[in-house]
Number of protein chains: 2
Amino acid sequence: MTRPIAVATWRFGLPAVEASGRAFQEGGSAMDAVEAGIRVAELDPSVDSVGYGGLPNADGVVQLDAAVMDGPTHEAGAVGALEGFRTPISIARRVMERSRHVFLVGEGARQFALREGFQEETTLTEEAKRRWEEWRTKRVAHQQPAGHDTIGLVAMDSTGNLAVGCSTSGLAFKEPGRVGDSPLIGSGLYVDNEVGGASATGVGEAILRFCLSFLVVELMRNGLSPQEACVQAIRRMVRKGRKFRKLHAAVIALDRSGRVGGYANHDRFSYAVWTPEGAQLIQVKPDPQDTDAWESDS
Amino acid sequence: MTRPIAVATWRFGLPAVEASGRAFQEGGSAMDAVEAGIRVAELDPSVDSVGYGGLPNADGVVQLDAAVMDGPTHEAGAVGALEGFRTPISIARRVMERSRHVFLVGEGARQFALREGFQEETTLTEEAKRRWEEWRTKRVAHQQPAGHDTIGLVAMDSTGNLAVGCSTSGLAFKEPGRVGDSPLIGSGLYVDNEVGGASATGVGEAILRFCLSFLVVELMRNGLSPQEACVQAIRRMVRKGRKFRKLHAAVIALDRSGRVGGYANHDRFSYAVWTPEGAQLIQVKPDPQDTDAWESDS
């Protein structure tokens, strides 16, 4: 009997992992906990980077990305550039369970969701629309792209099975059809029941060029702790060049022993951990050795 | 001065790498060689799994996936479920060079291509349409999904720079919006100038759950030869379960010393290698130890 645990990115990961905890208490699997947790962030209109309330693309349309991966079976499901649904994580899970494919995008993903009985809903909130109109008028060039805070959630249930999921509305005001790292198995998320799981958050254009989540799982497979694996993966990325220091990236990990880790190439990152003893938010402080190196290279 | 080299999947990789060789002789970079080689397969209507002539999706529409990745810069570009263009590899390269994003799908990718001046063309050949009509009438259930032969091409130029690309029409008669491994950085392709490059071909739904190309590059980073890395990566996949033996997968690799490798979980795979001395096709024979293990597990 394993102690269940759930880990999620960012402050909005706290109510998410609490929902994962409730799913566990109701007998849910790791995958149930992933879906239940992520849905909380998706349905919260105040979270402007995930699901309902997420900022739209350059055309003012909300296009959502999400994916799940199952530890014991290595099954996965993903949707990209999906319009018209507030909880893409549930549609990604349905792709895993019912489609012969893993990854559906755009209009094809929308048609799949409709065939599966998901109801179309408004995804653009008044607030998100207001911010898009402001952006369109001013065409503000953001130094750091806004709205790149994916929810990633890794969970292990009492049978020792792992699952991972992530969900995002992607970069705010992105080009239509843009897909980031979140729905890409290996970049936004990865899990292997024999090792552990990981999920990334940040600017997808940077993360996906390093398969950041797969890399973290691979480093854990080779013996590193979750924390060491996250640190090494972020360092490798940053070493590749200045642009990969400036584009925010963070990653969390959970191994099959229940150890957690998280690291980022910036000092804003936090992640939430739920265990039967309670939930807490962990603020990630980059190693001064890293920040010195990253800054001296500026 | 490095000896230039190009490696590509399948028999149709032979005219592809010969075109890469011509690109090298005209002073082209590794990326130029990748694009020139892959365009040959894309534009050949007799290749039913890539570009023009590729088999359509279940709705009879050709949707193409392609990606490129550049060794020295770690830049990448990709398109998924793209309709209306015969050479998606050139559009993927344009995404890399001109978009602030890496991956564009569906209608957004099409609009990007139009804005960039690419001309829309018919992509469905009469022969592909005839086969789709036959499939639609008979609804033949294929034991092994037909049409999963991606062209993947890894090249190194005389400056020692590497590049990789791949292109496919995806599984024949796939669900609309389905994206396979080919445009996913890490799954269909990966390159790191410090190590080498790899590209995968086969059933994307299997390959992308193992980040097969990234894994091969990671194994080479850890000291394996390209051939050993391909073998170990395929073995890891097959060990995960029976379904990953039955779904065809193959991978090729090239390291920065110019050594090549290729392996598959079946006996149909071949790959082409071009060097200034000439081009040859290499037929891959699975290790009897593997085939015995794979068959005894049936």
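Structure: above.
These figures come from a predicted structure and were not determined experimentally.

Caption draft 1: Representation of the overall build of chain A within the structure. From N to C terminus, chain A includes ten helices and twelve strands. In terms of overall size, chain A behaves like a compact globule, its C-alpha atoms giving a radius of gyration of 18 Å where 298 residues would be expected to give roughly 19 Å. For chain A, the C-alpha atoms occupy an extent of roughly 50 × 50 × 35 Å along the three principal directions. The buried share of chain A, reckoned over its 298 residues, is 65%.

Caption draft 2: Representation of the relation of the copies chain B and chain A within the structure. Of the transformation placing chain B onto chain A, the axial shift is 0.0 Å and the rotation is 180°, giving an RMSD of 0.0 Å. This pairing of chains is accounted for by a two-fold axis. Minimal C-alpha separation from the rotation axis in chain B is found for Gly106(B), amounting to 2.9 Å. Here 100% of the interface residues in chain B have copies in chain A that are interface residues too; the copies meet face to matching face.

Caption draft 3: The environment of Arg115(B), seen in detail. With respect to the element layout, Arg115(B) can be found in helix H4 (residues 106-115). A C-alpha to C-alpha distance of 46 Å links Arg115(B) and Lys285(B), two positions 170 residues apart in sequence.

Caption draft 4: Structural detail: the interface of chain B and chain A. With 45 residues of chain B in contact, the opposing surface of chain A contributes 45 residues. Area buried by chain B at its contact with chain A is led by Glu175(B), Arg209(B) and Lys240(B), which between them contribute 17% of it. In this assembly, chain B and chain A are joined by twelve salt bridges. Residue Lys243(B) is joined to Glu75(A) by a salt bridge in which the shortest nitrogen-to-oxygen separation is 2.6 Å. Between the two partners, chain B and chain A, sit 30 residue pairs in polar contact (both at pLDDT 80 or more). Listing elements by their share of the side of chain B that touches chain A, those giving two or more residues are strand S3 (76-82), strand S4 (103-105), H4, strand S7 (189-192), helix H7 (212-221) and helix H9 (243-246) of chain B. With four residues, the top contributor of residues to the side of chain B that touches chain A is H7(B). For the side of chain B that touches chain A, the per-class residue count stands at 21 nonpolar, nine polar and 15 charged.

Caption draft 5: Seen up close, the packing of helix H1 (residues 13-25) of chain A against helix H2 (residues 30-43) of chain A. All names here are of chain A. Taken N-terminus to C-terminus, the directions of H1 and H2 make an angle of 145°; their axes are 7 Å apart at the nearest point. In the packing of H1 onto H2, the handedness of the crossing is right-handed. Between H1 and H2, the contacting residues are Pro15, Ala16, Ala19, Ser20, Ala23 and Phe24 on the first element and Ala30, Asp32, Ala33, Ala36, Gly37 and Val40 on the second. Classifying every residue of the contact of H1 with H2 gives nine nonpolar, two polar and one charged.

Caption draft 6: Just helix H1 (residues 13-25) of chain B, in detail. Residues and elements named next belong to chain B. For H1, built from 13 residues, the straight-helix expectation of 18 Å at 1.5 Å per residue is met to within 8% by its first-to-last C-alpha distance of 18 Å. For H1, the set of buried residues is Gly13, Ala16, Val17, Ala19, Ser20, Gly21, Ala23 and Phe24. Residues of H1 that are buried make contact with strand S1 (5-9), helix H2 (30-43), strand S5 (151-156), strand S11 (270-275) and strand S12 (278-283). Phi turns positive, to about 90°, at Gly27, one or two residues after H1.

Caption draft 7: Spotlight on the sheet that holds strand S8 (residues 196-202) of chain B. Residue and element names in this part refer to chain B. Read across the sheet, four strands follow the order S7-S8-S9-S10 without closing on themselves; strand pairing throughout is antiparallel. Both outer strands of the open sheet, S7 and strand S10 (260-264), are each paired with one neighbouring strand and no more. The sheet shows a mean angle of 10° between the axes of neighbouring strands, direction not considered. Relative to S8, S7 runs antiparallel, the two sharing four bridges. The residue of S8 that forms the bridge with Val191 is Gly197. Across the sheet, H7 lies against S7, S8 and strand S9 (249-255), angled at about 145° from S8, the strand it touches most. Contacts between helix H8 (residues 226-239) and the sheet are confined to S9 and S10, with S10 contributing the most and set at about 20° to the helix.

Caption draft 8: Representation of unusual backbone geometry. Even without glycine at this site, Cys211(A) takes up a positive phi of about 45°. Despite not being glycine, Ala81(B) shows a phi value in the positive range, around 50°. Exposure remark for Ala81(B): the relative accessible area of 4% places this residue in the buried category.

Caption draft 9: Expanded view of the pattern of salt bridges. Residue and element names in this part refer to chain A. One pass over the full model with this rule turns up 48 salt bridges over all chains. A salt bridge links Arg178 to Glu205; its shortest N-O distance comes to 2.7 Å. Here Arg178 is found in the loop between strand S6 (162-168) and strand S7 (189-192), whereas its partner Glu205 is found in helix H6 (residues 204-207), with 27 residues between them in sequence. Glu205 matches Arg178 in its accessibility class, with the two residues each being buried.

Caption draft 10: Structural detail: the side chain of Thr125(B). Structurally, the position occupied by Thr125(B) is in the loop between H4 and helix H5 (126-138). In this structure, Thr125(B) is in contact with Pro45(B), Tyr52(B) and Gly53(B), ignoring residues within four places of it in sequence.

Caption draft 11: Seen up close, the sheet that holds strand S10 (residues 260-264) of chain A. Residue and element names in this part refer to chain A. Reading across from one edge, S7-S8-S9-S10 is the order of the four strands in this open sheet, with antiparallel pairing throughout. Here the strands that pair on one side only, and so sit at the sheet edges, are S7 and S10. Averaged over all neighbouring strand pairs, the angle between strand axes comes to 10°, with direction disregarded. Strand contacts of helix H7 (residues 212-221): S7, strand S8 (196-202) and strand S9 (249-255), with the helix running at about 145° to S8, the strand carrying the most contacts. Each of S9 and S10 is contacted by helix H8 (residues 226-239), which is oriented at about 20° to S10, the strand it contacts most.

Caption draft 12: Expanded view of the pairing of S10(B). All names here are of chain B. The buried count for S10 comes to four of five residues, which makes it a mostly enclosed element. Sheet analysis places S9 next to S10, joined by five bridges and oriented antiparallel. Looking at the pairing, Leu254 lines up with Val260 of S10. Connecting the antiparallel pair S9 and S10 is a turn made up of four residues, with Gly258 showing a positive phi of about 90°.

Basis of the calculations
Residues numbered from 1 in each chain as written. Chains lettered and ligands numbered in written order. Predicted model: local features only at pLDDT ≥ 70, side-chain atom pairs only at ≥ 80, totals over all residues. Heavy atoms only, no water. Helix = DSSP H or I, 4+ residues; strand = E, 2+ residues; numbered from the N terminus. Rg over C-alpha atoms; globule rule 2.2 N^0.38 Å. Buried < 20%, exposed > 50% of the residue type's maximum accessible area, 1.4 Å probe, protein only. Least-squares fit on C-alpha atoms with pLDDT ≥ 70 in both. Contact = heavy atoms within 4.5 Å. Buried area = accessible area lost by both parts, 1.4 Å probe. Salt bridge = Lys/Arg side-chain N within 4 Å of Asp/Glu carboxyl O. Polar contact = N/O pair within 3.5 Å; in protein donor to acceptor, adjacent residues only side chain to side chain. Nonpolar A, V, L, I, M, F, W, Y, C, P; charged D, E, K, R; others polar. Axes fitted to C-alpha atoms, helices over the stretch in contact; angles between N-to-C directions. Left-handed = near helix turned anticlockwise from the far one by under 90°. Expected span 1.5 Å × (residues − 1). Pairing = 2+ DSSP bridges.

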